[in-house]
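A structural walkthrough
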Amino acid sequence: MNTDAHASAHAHHWEWSWAPMAVVAGVFFLVPIAFSGFFVYENTLMTAVGAGVGVILILAGVAKWVDEGLTQVPLISGVANIGLPIFILSEIFIFLSLFASYWLMRLGVDSWPPAGTPEISKTIPLIMTVILVSSSLTMHHAEAKLDHGDRSAFNKWLIITIVLGTVFLGFTAYEYNHLISVGFIPSTNIYSTAFYSITGFHASHVFVGLGAFIAVLLPSLGGRTNKTFVTCVSVYWHFVDVVWFFVASQVYFW
Amino acid sequence: MNTPSATAGHAATPAWKEWLYTTDHKRIGVLYLIGSMAAFGVAGLMAIIIRLEQMDVGMQYISSGTQYNGFLYFHGAAMILAFLIPGLTGFAANYFLPLMIAARDVAVPRINAFSVWLFYFAIVLALLSFVIPDAPDIMWTGYPPYSITTAANTSFYVFTVHLLGFSSILGAVNFLVTVIYMRAPGIGWNQLNIFTWTTIAAFVLQLIFIPVLAAAVTLLLFDKYLGTHFYDPAAGGDVLLYQNLFWFYSHPAVYVIFLPAVGILFEILTTMCKNQVFNYKAAVYAGIWGIVGIAGIVWIHHLYVTGMPDWLRLGHMVTTLLISVPVGILTLSMWGTLYKSAITYNTAMMYAVACLYLILIGGLTGIPLALPSLTIHLSETAFVMAHFHFIMALFAAFALFGGIYYWFPKMTGRYADGGLATTSFWLNFIGVNVTFIPLFIIGVEGMPRRYWDYQMFPQFDGMHEIATYGSFIVAAGMLLQFANFIYAAVAGKKAPLNPWNSQSLEWTHTQSPPGPGNFIDDVVVDENWSPYNYNKD
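Residues numbered from 1 in each chain as written. Chains lettered and ligands numbered in written order. Predicted model: local features only at pLDDT ≥ 70, side-chain atom pairs only at ≥ 80, totals over all residues.

**Considerations on the overall build of chain A**
This is how it is decided: In this description a helix means any DSSP run of H or I spanning at least four residues, a strand means any run of E spanning at least two, and both kinds are numbered starting from the N terminus. Here a residue counts as buried when 20 or more other C-beta atoms fall within 10 Å of its C-beta, as exposed when 12 or fewer do, and as partly exposed in between; the C-beta atoms come from the backbone. For the purpose of contact definition, each residue receives a C-beta atom placed from its backbone, and two residues are in contact when these atoms lie within 7 Å.
Each helix and strand in chain A was counted, giving eight helices and zero strands. Mapped in sequence order, the helices and strands of chain A form the string α-α-α-α-α-α-α-α. In terms of its C-alpha atoms, chain A occupies a principal-axis envelope of roughly 70 × 45 × 30 Å. Taking all 254 residues of chain A together, the buried fraction comes to 37%. Intrachain contacts of chain A at a sequence separation of at least 6 include 79% that bridge at least 24 residues.

Written as structure tokens, this is what we have:
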């Protein structure tokens, strides 16, 4: 196809990059090693070393990967933004499994909420919904600006999006902090079980989205952007936004 | 990706870097091959230890039941997750699928490298979980409540599943995009190799079902380490939820292994028989996609004895029996491909023919297990174990080894056939039968599976002994086999570019082994082209 025809114009050579291996090694240290250091062996040194090495490797790997994505001509191009929706299909199934577990527990008991549940504010999730929807709109706007070649406007709207996402996570932290202070912790009852698992899992997606935004923003401030990457990050963010409607409606408003 | 150093014409990149950091699909395929074969070796050793322990009544080689559990855990988890799935959808798909559709690489090569390293670090974690003092002792299934109450480190099990699962999901994304968007001009859907079809079908299953397994084990992690109550009936959770989520993935996982194995067999059979696929469209649309369609609604048959309403049991009995229809269609297509053909018997073909027998035994012994009335008696006996070893371990592994012989000249430029290959084939084939047929018999007679000792059943001693001798024969065969692969790769007889006179693009249009970018010129095929253009009348 076109991409192939383009590629055949050069002589081929064995392609390589150390970035993927570095990121995986980072994930390995950050997740299994640091987690079991903290929860299983309760060893501060193991936790600190695992997390430290992991974060450094991930940051180095992502930086290298992003840099290569901005400077090199790919052998195959224009297909990553088709891959992302396929990946999202997979994400949908993981969220569905979480919701199914929640529904099973909830429909199996006679009264809801179970004993030990404090009053959970409905105002906070409403504000969070407004924030996240706004951030989707600002991201869409940013993309439109980039399409028109207006880089400084793109940067501005991207920063606004990042700020909104961060405020969203701030609300999560505030809410968790409040609930934990009144004794509503993951092990309290089946509502807390589902509440922290589902909202926490969603928040982790917001966190990853923010990380990806920063990986777009930093090079963009220096005038470099990979359009495919921007599209992917944006689609991912809209997905995280849509999932929030299910999270909020099921966990807070049902 | 023109790496700046290379385009600038500097001295060549060191070969170790080009291999270790490679983003090329063929080299990534080789990395998968090395990793999966290493896993096969270690997990095979565990199998020998398990068989040795069962050779006689009483404790012989292990020091405790927990240690035996550890071996069972590692053997099962490594064979399925680190040998078969990476061997079939990692190695075979990576190396040959892009060649079959004449693509220059997969859609996102760096993500592909990311996948292979997730696989390797998962192996590292699995090996680590064997040396830590609190090694996981929860089988490859990890059922709660034991996996939550055990003092062992369940988190390593969970993270191993996470790493491998993430690797497979990204692989699925890569290969689906590759097949949908990167076929060479002229290759229509009905001109795809059967292996291409089975691979994307397997990846569709991975994409949809792995997230469910990932969720199941994540909730296990939360329950054990954060104190949540998903699987805790006392607090309103449901311990059966785990079994449902787990088998919702793990039954389709059988097809993730089965389908690419079938695909490899079709490649060998058509080439060595010089015949077209018998009923291509039925095999693809009814067989392969029929399996994908039904795969997600049969998992309850793993839970027949855990307690459930009768209507659910009956429903899943029907769907489980129903899935033998597409499997039967594929089997018929394989047999039909032999009909009136000019068969060349070489090592690859011998493995393929052995598979036609293995699928028959493995498939037919599955039918009684689909029936709840029989499963109540057969469940948790050696019969179940022998059944799934026949279909997964033997059928799929034989197909993979057949595929290695078939593609060996493409990967190395040399044949792996010869006296060593034939001898090791017969040792393997005889060995697996001697090992597993006695287990069918004592299974029906009531030998429970997973027991390290069977003092209450001394009458099974003789059959266990025969089975153990069988495992020695397989071990000898496998050692010869790997010696043969290594010898052949270095000093085997040189092979021409298309030694089997295949019509498939990986043979007709590439060097052995193919260089960077795979094809010297862009490949275009016409509408009459087919990878199976033999025997046209």
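**Details of the packing of helix α4 (residues 80–107) of chain A against helix α7 (residues 190–221) of chain A**
Residue and element names in this part refer to chain A. The following threshold applies: Axis definition: a line fit to C-alpha positions, over the contact stretch in the case of helices; interaxial angles, taken between N-to-C directions, run 0 to 180 degrees. An angle below 35 degrees is read as roughly parallel, one above 145 as roughly antiparallel, one from 65 to 115 as roughly perpendicular, and any other as oblique. For any pair of crossing helices, the crossing counts as left-handed if the nearer helix is rotated counterclockwise from the farther one by less than a right angle, and right-handed if it is rotated clockwise.
Relative orientation of the contacting elements α4 and α7 amounts to 165°, with a least axis distance of 10 Å. In terms of their interaxial angle, α4 and α7 are classed as roughly antiparallel. At the point where α4 passes α7, the crossing takes the left-handed sense. Contacts between α4 and α7 pair Leu98, Tyr102 and Met105 from the former with Ile190, Ala194, Ser197, Ile198 and Phe201 from the latter.

**Some points on helix α13 (residues 347–364) of chain B**
A turn of α-helix holds 3.6 residues, and therefore any two residues three or four places apart point the same way. Residue and element names in this part refer to chain B. The line we're drawing: Here the expected length of a helix is defined as 1.5 Å per residue gap, with one fewer gap than residues.
Over its 18 residues, α13 extends 26 Å from the first C-alpha to the last, a length consistent with the 26 Å expected when each residue adds 1.5 Å. Along α13, the residues that are buried comprise Thr347, Ala348, Met349, Met350, Tyr351, Ala352, Val353, Ala354, Cys355, Leu358, Ile359 and Gly362. Where the residues of α13 are buried, they touch α9 (239–273), α12 (324–338), α14 (366–370), α16 (382–412) and α17 (419–444).

**Details of the confidence of the model for chain A**
The condition is simple: On a range of 0 to 100, pLDDT expresses the predictor's confidence in each residue.
Here chain A averages 92 in pLDDT, and 96% of its residues register 70 or above. Considering only residues more than four positions removed or in separate chains, one finds that residues 1–9 of chain A, a stretch of pLDDT under 50, has twelve contacts.

**Considerations on the interface of chain B and chain A**
Threshold: We call Asp, Glu, Lys and Arg charged. Ala, Val, Leu, Ile, Met, Phe, Trp, Tyr, Cys and Pro are nonpolar, and the rest, Gly among them, are polar.
Contacts between the two partners involve 59 residues from chain B, matched on the other side by 56 residues from chain A. Among the secondary structure elements, those contributing two or more residues to the side of chain B that touches chain A are α2 (15–20), α5 (109–131), α7 (154–181), α8 (194–226) and α9 of chain B. At ten residues, the largest contribution of residues to the side of chain B that touches chain A is made by α8(B). Split into classes, the residues belonging to the side of chain B that touches chain A amount to 36 nonpolar, 15 polar and eight charged.

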